[in-house]
Amino acid sequence: MAILVSLGAVLAIVVIALIGAQVGPLQYLLGILVPYAAFAIFIGGFIWRVVYWGKSPVPFRIPTTAGQEYSFPWIKRNRFDNPVKLWEVLVRMFLEVFAFRSLFRHTRAELRGGNLIYGPSKWLWLGALMFHYSFLVIALRHLRFFVQPTPEFVKTIENIDGMLQIGAPHMYLSEVMLLTGLAILLGRRFFAPRIRYISLANDYFPLFLIIAIATTGILMRFLFRVDIVGVKELVLGLASFHPTLPDGIGAMFFIHVLLVSALLAYFPFSKLMHMGGVFMSPTRNLVNNTRMKRHVNPWWTPPKFHTYEEYEEEYRDLMKEAGIPVERE
Amino acid sequence: MAKELTPQETLRIDLRPPKQDWMDIPVNIKEGIYCYPAKPEKIECVDMPNAHKWSPVEEDWGLPENWKEIFLEGFRERLDKHRTFKIFMDICVRCGACADKCHFFIGSGDPKNMPVVRAELLRSVYRGEFTKAGQILGRLAGARKLTMPVLKEIWYYLFQCTECRRCSLFCPYGIDTAEITILGRELINLFGLNINWIQEPVCNCYNTGNHLGLLPHTFKQNIEFLCDDIEEFVGIKIEPTFNRKGAEILFVTPSGDVFAEPGIYTLMGYLMLFEHIGLDYTWSTYACEGGNFGFFTSLEMAQRLNAKIYHEAERLGVKWILGGECGHMWRVIHQYMNTFQKPVDSLEEPISPITGTKFENAKSLKMVHISEFTADLIKHGKLKLDPSRNDHLKVTYHDSCNPSRGMGMLEEPRYVIKNVCNHFYEMPENTIREETFCCGSGSGLNAGENMELRMRGGLPRANAVKHVHNKYGVNTLACVCAIDRAVLPASMEYWVPGVDVAGVSELVANALIMEGENERSVNLRGEEIPGRAPKEEEAQEDV
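How each quantity is defined
The written sequence of each chain sets the order in which its residues are numbered from 1. Chain letters start at A and ligand numbers start at 1, both assigned in the order the entries are written. Local features in this predicted model are restricted to residues whose pLDDT is 70 or higher, and side-chain atom pairs enter the listing and the counts only when it is 80 or higher, whereas totals over whole chains, interfaces and linings include all residues. Each side-chain value is derived from all of the structure's non-hydrogen atoms; neither hydrogens nor water enter the calculation. Note that the domain bounds reflect an automated or database-derived domain assignment. Pairs of cysteine sulfur atoms within 2.5 Å are identified as disulfides in what follows. Here a helix means four or more residues in a row that DSSP labels H or I, a strand means two or more in a row labelled E, and each is numbered from the N terminus. In what follows, residue pairs with any heavy atoms lying within 4.5 Å of each other are defined as contacts. The term buried area denotes the loss of accessible surface (1.4 Å probe radius) that occurs when two parts are joined, taken as the sum for both partners. Any Lys or Arg side-chain nitrogen located within 4 Å of an Asp or Glu carboxyl oxygen qualifies as a salt bridge. Under the scheme applied here, ten amino acids are nonpolar (Ala, Val, Leu, Ile, Met, Phe, Trp, Tyr, Cys and Pro), four are charged (Asp, Glu, Lys and Arg), and all others, including Gly, are polar. Three labels apply to residues, based on accessible area from a 1.4 Å probe with only protein chains included: buried if under 20% of the type maximum, exposed if over 50%, partly exposed otherwise in between. The rule is short: rings of Phe, Tyr and Trp, with Trp giving its six-membered ring, pair when the centres are within 6.5 Å, and they are stacked under 30 degrees, edge-to-face over 60, tilted in between. Only when the NZ of Lys or the CZ of Arg is both within 6 Å of the ring centre and within 35 degrees of the ring normal is a charge said to sit over the ring.

Another point: the domain arrangement of chain A. What the domain assignment lists for chain A is domain 1 (2-298) and domain 2 (304-329). Taken over C-alpha atoms, the centre of domain 1 of chain A sits 62 Å from the centre of domain 2 of chain A.

As a further point, take the state of the cysteines. Every disulfide links exactly two cysteines, by a covalent bond between their sulfur atoms. All names here are of chain B. Summed over the entire model, instances satisfying the criterion amount to one disulfide over all chains. The partner cysteine of Cys45 in its disulfide is Cys203, sulfur to sulfur 2.1 Å. Because the torsion about its S-S bond is 115°, the bridge between Cys45 and Cys203 counts as right-handed. With Cys45 in the loop between α2 (40-44) and α3 (67-81) and Cys203 in helix α11 (residues 196-208), this pair connects stretches of sequence that are 158 residues apart. Unpaired in this structure, Cys102 has its nearest cysteine sulfur neighbour in Cys164, at a distance of 6.6 Å. In this model Cys227 remains outside any disulfide bridge; the closest cysteine sulfur is found in Cys288, 16 Å from its own.

All names here are of chain B. For chain B, the assigned domains read domain 1 (23-194) and domain 2 (201-511). One C-alpha centre belongs to domain 1, the other to domain 2, and the line joining them spans 30 Å. Taken together, the contacts link 34 residues of domain 1 with 40 residues of domain 2. Both faces considered, domain 1 and domain 2 share a buried interface measuring about 3,000 Å² in area, 62% of it formed by carbon and sulfur atoms. Where domain 1 meets domain 2, there are zero salt bridges. At the level of elements, α5 (103-108), α9 (166-170) and α10 (177-188) are the ones that each hand at least two residues to the side of domain 1 that touches domain 2. For the side of domain 1 that touches domain 2, the leading source of residues is α5, giving five residues. Split into classes, the residues belonging to the side of domain 1 that touches domain 2 amount to 15 nonpolar, nine polar and ten charged.

Residue and element names in this part refer to chain B. The buried fraction of helix α17 (residues 370-379) amounts to nine of the ten residues, a majority that puts the element mostly inside the structure. Within the span of α17, buried status applies to Ile370, Ser371, Glu372, Phe373, Thr374, Ala375, Asp376, Leu377 and Ile378. As for α17, its buried residues are in contact with β1 (249-252), α14 (263-277), β3 (320-323), β4 (367-369), α19 (411-420) and α22 (504-511). Trailing α17 by a residue or two, Gly381 shows a phi angle of about 65°, which is positive.

Here we come to the packing of aromatic side chains. Any pair of aromatic rings gets described here by the distance separating the centres and the angle formed by the planes. A complete count under the given rule lists 56 aromatic pairs over all chains for this structure. An angle of 25° between the planes, with centres 6.0 Å apart, marks the rings of A:Phe46 and A:Phe267 as stacked. Of the two residues, A:Phe46 sits in helix α2 (residues 24-55) while A:Phe267 sits in the loop between α12 (251-266) and α13 (274-280), which places them 221 residues apart along the sequence. What links up through ring pairs into an aromatic cluster is the set A:Phe60, A:Trp299, B:Phe293, B:Phe295, B:Phe296, B:Tyr336 and B:Phe340. Over the aromatic face of A:Tyr172 sits the side chain of A:Arg141, whose NZ or CZ is 3.6 Å from the ring centroid. Lying over the aromatic face of A:Tyr308, B:Arg315 brings its terminal NZ or CZ to 3.4 Å of the ring centre.

What follows is the structure in structure tokens.
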């Protein structure tokens, strides 16, 4: 059900764009208004969500410590899995964000003949890494459309990305890696029973959406060629807030753009916000120095507890009898 | 247990999920899994709301009419107070990395014990009640409304999580199920749905200072009984002091060690260690509980119970505080206490009076862990040790969840063990240190009525012990946690017969060569140490 609905939603977007692309005035909507609106929702929504999170304080310092604590000079500590200094926690975060450190720990537990066996399991890590990095590379390559002249680093990325020089135009490594990564991520949801069990439409929809984006992008380069000069003119116009709509760009482009717009607009209201959340997760981004430094909870209230005076009042006779010193005889 | 399952029966675990969607499987509250509800008087005792009689297996849980409002209002309030809660509700991508990391899932195969689903139980309510998408799309967006069956399900699984944080280690975003369980338990405590195994210790601790409800004279007597045992087994008379003003150090340890085997041997270990080094310290009958079952009730309750330690340290005028072996006690002390309580000016930065070592890592809180303290003593050669007295022991070490994932104290206890035992073997690497498995009964789930749950949750730990038991003949499971000492013996008996559980300080004291001691032919348990029977020694002396 979740799969069908998600797939249906993505197909509906494709169909809407396909129809819209055939109708002149709607091209204006699809090519200019919708991307603007989607981008505004993305930026606004992203900021709103981060501010919403940020409005709640972090009352307690609760990092998940994943290595030896700082104690004695003669005990080797694990700086980056159990940081006590700011730069150490920055390294921890860097490894988390750029190398998916925690996912790399992933193991697989199996019960065989009454014995539990834990094996390494790197598929999720690999799929996630391939997907995210190739997505980043592709996003950066798209800067070619937004900036004139094309920045040098974008050209460098393109050269590296296309270095295999297979096919004409050259196939990009990132295209293959993106689809492979997506296939791994989607394949897990289809075929790994536990992952299938926990998957919601919220999980399938973005995957299908991104697959559709990648596919239309690739189709535009290889099969349904679009007018690349027109595309650049349109995108440059959007970027400089002087949008124009050149003629004869090709329907595939409008499909691609509507899918991307859907992704942008969906982003702030979905689990995709893990992109922002990963930086703000208190079990990862805090130093483990709670005994070295006092941290203040902004909503702290004094504890209402059973004081020693009350305690002695209740048990004075028993205490005296047992020879335990008391404050008042 | 309703009916006693043999280990073989318990092991029939299917880790594959059922066909049916988890939202379609109504909660089935089973005997052997759930814990008995809190007695009303134990709730009233600490002024918590809606103390009432009820039963989890009955239809009506006796909730106030506006329970939904209370729950949702409490939910909203906690979202505003804890960034963790908001983020953990929003960013899970359901990648499944946590699924098989939970000891309860591995041991039961119940899909709702996968940390991701455990969190989704609450997250679905969050979406259904607080987010637009959830309200419009409903189930399609993984959302549902809060209903009585939903509440029952949440309740049931809140008490099948030991807040061990193993899943949070593997989560790419550090989503911490312990945090969700802590706040979830706060919510059900808004209308009196705690379990008695947690609530009664809370009430006891509030009044008498310890979970067991030992009155001041009983607490003192119990420790004096243990001193008698030491005199008998070791030949040394120890006279500890209680509530003594002007002592340099206040010592606080979980009260379980005052009372029950094998924790009492650990406590004897402390007494002997302190005697050996001539430590100027005192016990307190008022702040006589290191453990903190308040932490399993609400953060506020944790703060209220924890307040006694500083309060007493100030009254007695000690310089700093030494803490005994306990798991969740150290989570609270290490990560919460310095925020819970205002600093006490009279305390000083802790310095070991024996070695002069400054405990840099505790300079603000002024509270040091006994394993840190002991490791420093050994490093400086301040303890005379004869590890061969532990030669009949083949030892492995169980990292407690909290000191490993909520503190990072991994090497200190190992260093101590390796200096007092000659035969030490590590369990497989995926089951120790930061990846350690819970004993299966933490966070207040060490009751008797939920034995099936405990044995299931204890399986991964026990299975790793079994591995070293079979491979190296390991017969001793060392630990630095009072709950471990209380529950692992049962788990070992069930899964790995032939393995005893011992606190690290017990092993230390057995190896300790004390001035004026006897021939030490028996250990602290009064058991003969193989090869050290007194007769043989006399015979040797004759020759």
